[in-house]
Amino acid sequence: MSLRKQRGVSLIEVLVSVVIMSVGILGVAGIQVVSLQQNRSSIFRAEALQLANDILDRMRANPLQNYAPVNFNAPPPGITGCTAAACTPPQMRHYDIAQWKCSINSEDADGTPFARCATLGIAGALPQGEGAIVDNNDDALCPVGPTEICAVVRWQDASDGTLGSVMVRTRTN
């Protein structure tokens, strides 16, 4: 009876180790893709939060004007250039809303850029972004009290069409 000693690695062992490594590498790649998607979502959420706070700050700077209501699907209002010349408070309100709407999304639903946004030189930051300003007359969107106002910014968060949104509420008095 002859005993042979095994030397080296068989082809089956090499194939099994290659399959195990491939599954591991695919797992790491999948985690990387999810991480990038979550990072993108986080950037959009931070931008939306900044934009919601921006319009509330503009309202505080122009306290004699009522900025609400502004609907989601409303295009940026007609504007008077308030950077080169002094504006009245109502003109400043329209200018603030136009800048805010253009900062959220500078294109209509068909992808055509708004002329007002091009005039302002502002490109929108959020994909399919929309903004609304709500007072106590629209409790369905953002329940607010009689001295509160709410800024809502929403956008298309993922390729599957889900909407992300940020809602910021503040007191007006």
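Residues numbered from 1 in each chain as written. Predicted model: local features only at pLDDT ≥ 70, side-chain atom pairs only at ≥ 80, totals over all residues. Heavy atoms only, no water.

Visitor: Could you clarify how one ought to interpret the environment of K101 in this entry?
Guide: Note that K101 resides in helix 2 (residues 89-104). Put simply, K101 and P75 are 26 residues apart on the chain and 7.4 Å apart in space, counted from C-alpha to C-alpha. In contact with K101, not counting residues within four places along its chain, are V70, N71, F72, A74, P76 and G131. For K101, the side chain forms a polar contact with the main-chain oxygen of A74, separated by 3.0 Å. (Helix = DSSP H or I, 4+ residues; strand = E, 2+ residues; numbered from the N terminus. Contact = heavy atoms within 4.5 Å. Polar contact = N/O pair within 3.5 Å; in protein donor to acceptor, adjacent residues only side chain to side chain.)

Visitor: Looking at this structure, how should I read a nonpolar patch on the surface?
Guide: Among the surface-exposed residues, V9, L11, V14, L15 and V18 lie close enough to one another that they form a single nonpolar patch of about 470 Å² accessible area. One can find V14 in helix 1 (residues 11-61). When its relative accessible area of 36% is taken as the criterion, V14 is described as partly exposed. (Patch = residues over 30% accessible without salt bridge, like charges linked within 9 Å, V, L, I, M, F, W, Y side chains within 5 Å. Areas by Shrake-Rupley, 256 points an atom, 1.4 Å probe, with all protein chains shown as cover. Salt bridge = Lys/Arg side-chain N within 4 Å of Asp/Glu carboxyl O. Buried < 20%, exposed > 50% of the residue type's maximum accessible area, 1.4 Å probe, protein only.)

Visitor: When you look at the state of the cysteines in this model, what are you seeing that I'm missing?
Guide: As used in these notes, a disulfide is a covalent bond between sulfur atoms, one from each of two cysteines. In this structure the tally under the stated criterion is two disulfides. The disulfide that involves C82 links it to C87, with 1.9 Å between the sulfurs. Given an S-S torsion of about -105 degrees, the disulfide between C82 and C87 has left-handed geometry. You can call C82 buried: its relative accessible area is 13%. Disulfide pairing is shown between C102 and C117; the S-S distance is 2.0 Å. (Disulfide = S-S within 2.5 Å.)

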